[in-house]
Amino acid sequence: MARLMTGNEAIARGAFEAGVKIGVGYPGTPSTEILENFARYPGVYAQWSPNEKVALEVGIGASLAGARTLVTMKHVGVNVAADSLLTLSYTGVNAGLVLVSADDPGLHSSQNEQDNRYYGKLAKIPVLEPSDSEEARKFVKLAYELSEEFDTPVILRTTTRIAHTHTLVIEEEPREVSLKPYVKNPQKYVMVPGNARLRHQVVEERRQKLLEYAEITPLNRIEEGTGDVGFITSGISYQYVKEAFPGSPVLKLGLTWPLPEKLILKFAEKVKTIIVVEELEPYIEEHVRALGLKVVGKEIIPRTGELNHYIVQKAVLKYLGEDIADFLENLDLPQRPPVMCPGCPHRPVFYILSELKLTVTGDIGCYTLGVMPPLGAIDTTVCMGAGIGMALGMEKANPDFSGKTVAVIGDSTFLHSGITPLIDMVYNGGKGTILILDNRTTAMTGHQPHPATGKTLMGEPAPQVDFEALARALGVKRVTTVDPFDLQQLRAVITEEVAAGEVSVVVVRRECALLPNQTREPLTVISEKCTGCQRCLKLGCPAIAIKDKKASIDPLLCNGCGVCAQVCKFSAIIKGGDSLG
Amino acid sequence: MDKNILLAGVGGQGTILASKIIAGVAEKAGLDVKVAEVHGMAQRGGAVVTYLRFGKKVNSPLIAHREADFLLAFEKLEALRWLSYLKPEGLALVNDMEIYPLPVLTGKASYPDFRERAQGVNFNLIPAREIAKSRNNPRGINMVLLGFLAKRLTFPKEAWLQEIQKRSGKFSEANIACFQAGFTYGA
């Protein structure tokens, strides 16, 4: 029976049906729900690792030990795992290993929109691109067959529109796959130069075999049609082409590395004009052009952002000399950017950092929202862990920065890639201040546990990393813990540590406002005392607005953190109960 | 029955549950269904939109300008943001509620006048918050709006009730009360 599933749910289902026993990854939108769903199936083991490189390495170990393994991450996570991935291509696998790269065209929740199909080309490993949830389920199963047949890891590349769209899926019975025996084989698994040279030959032979496979696999198919304009497309772009030009000839590519050269040439003979429709980079287009074919692609299809069928239709019709109405209009409406939640423990930190006019090297997580006005307290955000290293670099370039710079990083992110740059700062004589914004969870992606939360993905209790003890063990002498809802103490600690002249770690600890049991009594404005100075608005709390020139707190939104009461100079904000009594 | 429905609102308002219920009803009717949601950073109080399409065969999960039969809007500013996606004969069902975004809260922008900006569009302004409150379920705004929509689709009412029950857990009764109120008011 068909059932609605997101692409992510379907990938988890496909892995379960393929007999996958081990799932490992690091949460990142739009990939997160794959492992969360996979973990619920019977007889499997799933875990979050501190980062994507570690996750892939756990996956490699599981594959060598004989279990089919699923490794999941978002596109930028593959950058973190790339060191292991490119050599994994040489060693190959034992039991099947599939790496899901969830790309984010349109930057719905990411810092860039890189096209990870190039990792397939770079690492010389197959790339599969499903076009809906049912294909995602089927492709995962096929990917395990391919992985074992060709002794290679396989990349399943999805995009946000596949990952987070519900479409109908037909479930099948899971297959029981027994563990493959482990065979010690240093020539295959120890990549010293002498062995790696030989393995590179094997990778090339594998590439040839995969090229032959690409020509015959049902993953790639020609859909006959009418007209002399033909489309080559993959992934979600296939759906946009089908919507915009139903009945046109289409070469649908499910396997996008290696590409089927003969099939492409055969398709080219059927049509006069070839248009390649793909999101982001001209990845297929370049391959097709390299075959000596005349092809239309990125000169008409946007190279940035997400596509939709209207964009495709408009671009193609314009190229063919027809034009359709342009619906892009300037609406001139106020934007509604994401904001930190009412009661968010990050808000007071950025309020103080902004007040102290410090340079803040930031990181990726909810706290990146500290860049938004009115807080406007973040100077840089590059990738996970970058803020600490950048603070050290700034100080080395200009010692003045050490007295007015802080690096902020979340708890999960610190474990992901903040520890090594902190070691760097200590080792190389830095004087920086690092604020670990510890809200006891991976909040941005939906509250996944991590090594400091005391719980695993499977719901088991776990030892908790002690950030304060860890920082001391790394050589940090100044380690402080502070509650962000105590503004006075927070201000005092940050001021002191920034001026200290040596490395400081400040653990700013308060649970995420969205975790259960965080709802507190709402606050109220005593109208007679409010002067309308709007100082409380500088917090950027969605629960506070100005009505009739006075501050007003929406009791439905307010989470009772009490920070606004500390900011108000006129004692006009009090706990709700007092004003009602 | 081929329909394109846009659900627009503010993160945390319950648009995703509403879309799942509509999708479930369409699926039970044997139709092909696609629902594209927004996750991640956009959920933190930002603007959210869900694209929902059903029919004999659905390709693109997205709805383009002038293609939506219905706009189910949970907030007036968010309704305005997506009005141009309605077909000329399409209908906007709009919760008569204002949630100020940050630029309005901080005085950098003013909240637009809905009626002025929605001229020439078919819309119903629905006091969903008041209706939900009157049913002792202030969080049931999404169910009230769903009731208004259900009245305008041809699926059997029983299918809606079953789907709401299935997806509401311990809030089943409260949610069904709000749905019924919307269904009746929406007549």
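Here is what the cut-offs are and how they apply
- Residues numbered from 1 in each chain as written.
- Chains lettered and ligands numbered in written order.
- Predicted model: local features only at pLDDT ≥ 70, side-chain atom pairs only at ≥ 80, totals over all residues.
- Heavy atoms only, no water.
- UniProt positions renumbered as here; feature names shortened; annotations may be inferred.
- Helix = DSSP H or I, 4+ residues; strand = E, 2+ residues; numbered from the N terminus.
- Rg over C-alpha atoms; globule rule 2.2 N^0.38 Å.
- Contact = heavy atoms within 4.5 Å.
- Areas by Shrake-Rupley, 256 points an atom, 1.4 Å probe, with all protein chains shown as cover.
- Lys, Arg positive; Asp, Glu negative; His and termini not counted.
- Charge placed at Lys NZ, Arg CZ, Asp CG, Glu CD.
- Pairing = 2+ DSSP bridges.
- Axes fitted to C-alpha atoms, helices over the stretch in contact; angles between N-to-C directions.
- Parallel < 35°, antiparallel > 145°, perpendicular 65-115°, else oblique.
- Left-handed = near helix turned anticlockwise from the far one by under 90°.
- Nonpolar A, V, L, I, M, F, W, Y, C, P; charged D, E, K, R; others polar.
- Buried area = accessible area lost by both parts, 1.4 Å probe.
- Salt bridge = Lys/Arg side-chain N within 4 Å of Asp/Glu carboxyl O.
- Disulfide = S-S within 2.5 Å.
- Buried < 20%, exposed > 50% of the residue type's maximum accessible area, 1.4 Å probe, protein only.
- Domains from an automatic or database assignment.
- Polar contact = N/O pair within 3.5 Å; in protein donor to acceptor, adjacent residues only side chain to side chain.
- Core = buried A, V, L, I, M, F, W, Y, C linked by side-chain atoms within 4.5 Å.

Chain B goes by Indolepyruvate ferredoxin oxidoreductase beta subunit in an unreviewed UniProt entry, where it is assigned to Carboxydothermus ferrireducens DSM 11255.

Chain A is annotated in an unreviewed UniProt entry as Indolepyruvate oxidoreductase subunit IorA from Carboxydothermus hydrogenoformans. Turning to chain A, the UniProt annotation filed under Catalytic activity (unreviewed entry) states: "indole-3-pyruvate + 2 oxidized [2Fe-2S]-[ferredoxin] + CoA = (indol-3-yl)acetyl-CoA + 2 reduced [2Fe-2S]-[ferredoxin] + CO2 + H(+)".

Peer 1: Would you take a moment to explain the overall build of chain A for this structure?
Peer 2: For chain A, the helix and strand inventory stands at 21 helices and 22 strands. Taken over C-alpha atoms, the radius of gyration comes to 27 Å for chain A, in line with the 25 Å a tight globule of 581 residues would show. When its C-alpha atoms are laid out on the principal axes, chain A stretches across 80 × 65 × 50 Å. A separation of at least 24 residues holds for 74% of the contacts in chain A among residues at least 6 apart in sequence. In the structure as shown, chain A presents an accessible area of about 22900 Å², 55% of it carried by carbon and sulfur atoms. Averaging the positions of the 60 positive and the 67 negative side-chain charges in chain A gives two centres separated by 2 Å.

Peer 1: Please explain the sheet that holds strand β8 (residues 165-170) of chain A as it appears in this structure.
Peer 2: Whether parallel or antiparallel, the strands of a sheet pair through hydrogen bonds between backbone atoms. One open sheet accounts for eight strands, arranged β1(A)-β8(A)-β2(B)-β3(B)-β1(B)-β4(B)-β5(B)-β6(B); its pairing is mixed. Strands at the two margins of the open sheet, each flanked by one partner only, are β1 (2-6) of chain A together with β6 (122-126) of chain B. Mean inter-strand twist for the sheet, computed between neighbouring axes without regard to direction, equals 20°. Here strand β2 (residues 32-36) of chain B pairs with strand β3 (residues 47-55) of chain B via five bridges, running antiparallel. For B:V33, the partnering residue across the bridge sits in β3(B) and is B:F54. Contacts from helix α1 (residues 7-17) of chain A reach β1 and β8 of chain A within the one sheet, and its direction differs from that of β1(A) by about 115°. Relative to β3(B), helix α1 (residues 15-28) of chain B is tilted by about 0°, and along the sheet it contacts β1 and β8 of chain A together with β1 (3-10), β2 and β3 of chain B.

Peer 1: Would you mind going over the packing of α1(A) against helix α6 (residues 133-149) of chain A with me for this structure?
Peer 2: A pair of packed helices is captured by two measures, namely the crossing angle of their axes and the spacing between those axes. Residues and elements named next belong to chain A. Where α1 meets α6, the axes come as close as 8 Å, and the angle between the chain directions of the two elements is 30°. Relative to α6, the element α1 is oriented roughly parallel. Two packed elements cross with a definite hand, and for α1 against α6 that hand is right-handed. Contact residues: G7, A10, I11, R13, G14, A15 and E17 in α1; S133, A136, R137, V140 and K141 in α6. Considered class by class, the residues forming the contact of α1 with α6 number five nonpolar, three polar and four charged.

Peer 1: Can you walk me through the interface of chain A and chain B in this structure?
Peer 2: Many authors give the size of an interface as the accessible area that is lost as the parts come together. Residue-level contacts link 51 residues of chain A with 49 residues of chain B. Together chain A and chain B conceal approximately 4300 Å² of surface at their shared face, both sides included; 61% is due to carbon and sulfur atoms. Along the contact surface separating chain A from chain B lie three salt bridges. With a shortest N-O distance of 2.5 Å, B:E78 and A:R336 are connected by a salt bridge.

Peer 1: I keep staring at the state of the cysteines and nothing clicks. Help me out?
Peer 2: Two cysteines joined by a covalent bond between their sulfur atoms form a disulfide. Residues and elements named next belong to chain A. Applying the stated criterion across every chain, the model contains zero disulfides over all chains. Free cysteine: C558, not disulfide-bonded; nearest cysteine sulfur from C564 at 6.1 Å. For C558, a relative accessible area of 12% gives the class buried. The thiol sulfur of C564 is not disulfide-bonded, and the nearest other cysteine sulfur, from C561, lies at 6.1 Å.

Peer 1: Please explain the packing of α1(B) against helix α7 (residues 157-168) of chain B as it appears in this structure.
Peer 2: Residues and elements named next belong to chain B. Closest axis-to-axis distance for the α1/α7 pair is 9 Å, and the angle between their directions is 130°. In terms of their interaxial angle, α1 and α7 are classed as oblique. The handedness of the crossing between α1 and α7 is right-handed. Here α1 contributes L17, K20, I21, I22, G24, V25 and K28 to the contact with α7, which in turn contributes A159, W160, E163, I164, K166 and R167.

Peer 1: How should the domain arrangement of chain A be read in this particular structure?
Peer 2: Residue and element names in this part refer to chain A. Split into domains, chain A comes out as domain 1 (2-216), domain 2 (220-319), domain 3 (346-509) and domain 4 (523-575). Distance from the C-alpha centre of domain 1 to the C-alpha centre of domain 2: 26 Å. Contact residues are listed per partner, giving 31 residues for domain 1 and 32 residues for domain 2. The interface formed by domain 1 and domain 2 contains three salt bridges. E306 is the partner of R161 in a salt bridge, and the nearest nitrogen-oxygen pair spans 2.6 Å. The interface formed by domain 1 and domain 2 contains 20 residue pairs in polar contact (both at pLDDT 80 or more). Counting residues per element, the ones that place at least two in the side of domain 1 that touches domain 2 are α5 (117-123), β6 (127-128), α6, β7 (154-159), α7 (160-163) and α9 (193-216). With six residues, the single largest contributor to the side of domain 1 that touches domain 2 is α9. Per-class residue counts for the side of domain 1 that touches domain 2 are 13 nonpolar, six polar and twelve charged.

Peer 1: Quick question: what am I supposed to make of the pairing of β3(B) here?
Peer 2: Within a regular strand, side chains alternate between the sheet's two faces. Residue and element names in this part refer to chain B. Within β3, eight of the nine residues are buried, which leaves it mostly tucked inside the rest of the structure. Judged from the eight bridges that link them, β1 and β3 form a sheet pairing that is antiparallel. Looking across to β3, one finds that A8 is bridged to V49.

Peer 1: Just to check I follow, could you spell out the UniProt feature "binding site: [4Fe-4S] cluster 2" (unreviewed entry) in chain A for this structure?
Peer 2: Under the local residue numbering, the UniProt record ascribes the feature "binding site: [4Fe-4S] cluster 2" (unreviewed entry) to A:C541, A:C558, A:C561 and A:C564. Separation in sequence by 24 residues is not matched in space for these annotated residues, since their most distant C-alpha atoms are only 10.7 Å apart. Within the secondary structure, A:C541 sits in the loop between β19 (523-525) and β20 (544-547). Excluding residues that lie within four positions of it along the chain, A:C541 makes contacts with A:P342, A:R347 and B:L105. In this fold, A:C564 is placed in helix α20 (residues 563-567). Beyond its immediate sequence surroundings of up to four residues, A:C564 is in contact with A:L539, A:I544, A:I553 and A:I573.

Peer 1: Honestly, the sheet that holds strand β13 (residues 273-277) of chain A in this entry has me stumped. Any pointers?
Peer 2: Residue and element names in this part refer to chain A. Taking strand neighbours across the sheet as the criterion, the four strands line up as β9-β11-β10-β13 in an open arrangement whose pairing is mixed. Both edges of this open sheet fall to β9 (220-223) and β13, since each of them pairs with a single strand only. Neighbour to neighbour, the strand axes of the sheet diverge by 15° on average, direction disregarded.

Peer 1: Can you help me understand the environment of A:V24 in this one?
Peer 2: All names here are of chain A. Looking at the secondary structure, you find V24 in strand β2 (residues 22-25). On the basis of relative accessibility, which here comes to 0%, the residue V24 falls in the buried class. Here the alpha-carbon distance between V24 and V58, two residues 34 residues apart in the chain, equals 7.4 Å. Sequence-distant contacts of V24, that is, excluding residues within four places in its chain, are made with L35, Q47, S49, A55, V58, G59, L70, V71 and T72.

Peer 1: Would you mind showing me how to read the nonpolar core here?
Peer 2: Soluble globular proteins tend to bury their nonpolar side chains together. Residues and elements named next belong to chain A. With 74 residues, the main nonpolar core has L70, L128 and I232 as its most contacted residues. Taken together, domain 1 (2-216) and domain 2 (220-319) each give at least three residues to this core, which thus spans both. In contact with I232, other than residues within four places in its own chain, are L251, L253, I264, F267, I274, I275, V276, V277, I284 and V288.

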